[in-house]
Amino acid sequence: MKIKYFLAALLLSCVSLSAHAAGSPMNESFTNLIALSKNAIEIGKKGDTQGFIDSATVAWEALKEQNEKGSSIRLQGANSKLKAAIKAAKAGNLQAGIVEVEQGIADMQVDK
């Protein structure tokens, strides 16, 4: 009877270890996304609204593609910032768009 309890405890400990491993944080790299976003900022600071929109759209599409591979809370926050930046630039408010992209970069860089 005692061996049954021992085996049950061993089985439960193995299951709990695997559950912990599944919930551990992923090793995420946003280097490419940050570079694309910084490129959009540089173009925006030159006053090229259409270039900014195009660059921010490229960054947003790359972010969306990376998020499809593995969903991340940090990417979801940056996603909303890039969408807002594109929307602001299309509305004629380029500076607000630049600020949104900068905040999106900050969201990607913050260690949470």
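Criteria and thresholds
Residues numbered from 1 in each chain as written. Predicted model: local features only at pLDDT ≥ 70, side-chain atom pairs only at ≥ 80, totals over all residues. Heavy atoms only, no water. Helix = DSSP H or I, 4+ residues; strand = E, 2+ residues; numbered from the N terminus. Buried < 20%, exposed > 50% of the residue type's maximum accessible area, 1.4 Å probe, protein only. Contact = heavy atoms within 4.5 Å. Core = buried A, V, L, I, M, F, W, Y, C linked by side-chain atoms within 4.5 Å. Axes fitted to C-alpha atoms, helices over the stretch in contact; angles between N-to-C directions. Parallel < 35°, antiparallel > 145°, perpendicular 65-115°, else oblique. Left-handed = near helix turned anticlockwise from the far one by under 90°. Nonpolar A, V, L, I, M, F, W, Y, C, P; charged D, E, K, R; others polar. Salt bridge = Lys/Arg side-chain N within 4 Å of Asp/Glu carboxyl O. pLDDT = per-residue confidence, 0-100.

A. Spatial organisation of the overall build of the chain. Counting its secondary structure elements, the chain contains five helices and zero strands. Each helix (α) and strand (β) of the chain, taken in turn from the N terminus, gives the series α-α-α-α-α. In the chain, buried positions account for 30% of the 112 residues. Once local pairs closer than 6 in sequence are excluded, the contacts in the chain between residues at least 24 apart make up 65%.

B. Examining the nonpolar core more closely. In this structure, F52, V101 and M108 are the most contacted members of the largest nonpolar core, which totals 22 residues. Of all the secondary structure elements, the ones that give two or more residues to this core are helix 2 (31-45), helix 3 (49-69), helix 4 (73-90) and helix 5 (94-109). M108 has contacts with F30, L33, I34, S37, R74 and A78, leaving out every residue within four places of it along the chain.

C. Main features of the packing of helix 3 against helix 4. It is at 9 Å that the axes of helix 3 and helix 4 come closest, and there the two elements cross at 160°. What the angle tells us is that helix 3 and helix 4 run roughly antiparallel. Note that helix 3 runs across helix 4; the crossing there is left-handed. When helix 3 is examined against helix 4, the residues T49, F52, I53, A56, T57, A59, W60, L63, Q66 and N67 are found in contact with a partner set consisting of L75, Q76, A78, N79, L82, K83, A85, I86, A89 and K90. In terms of residue class, the contact of helix 3 with helix 4 is made up of 12 nonpolar, six polar and two charged.

D. Local environment of the environment of N39. With respect to the helices and strands, N39 occurs in helix 2. Since its relative accessible area comes to 36%, N39 is described here as partly exposed. Separated by 20 residues in the primary sequence, N39 and A59 place their C-alpha atoms 8.9 Å from one another.

E. Here's a closer look at the side chain of S55. Counting through the fold element by element, S55 comes out in helix 3. Take S55: its relative accessible area is 12%, and that puts it in the buried class.

F. Summary view of the side chain of S37. Among the structural elements, S37 can be located in helix 2. Setting aside anything within four residues of it in sequence, one finds S37 in contact with A59, L82, V101, I105 and M108.

G. Inspection of the pattern of salt bridges at higher detail. Summed over all chains, the structure comprises one salt bridge. Between K45 and E102 there is a salt bridge, with the nearest N and O atoms lying 3.8 Å from each other. One end of the pair, K45, is in helix 2; the other, E102, is in helix 5, and 57 residues separate them in sequence.

H. Representation of the confidence of the model for the chain. Within the chain, residue pLDDT values average 82, and 75% of them lie at 70 or more. Confidence, read as mean pLDDT per element, is least for helix 1 (residues 2-22) in the chain (62) and greatest for helix 2 (93).

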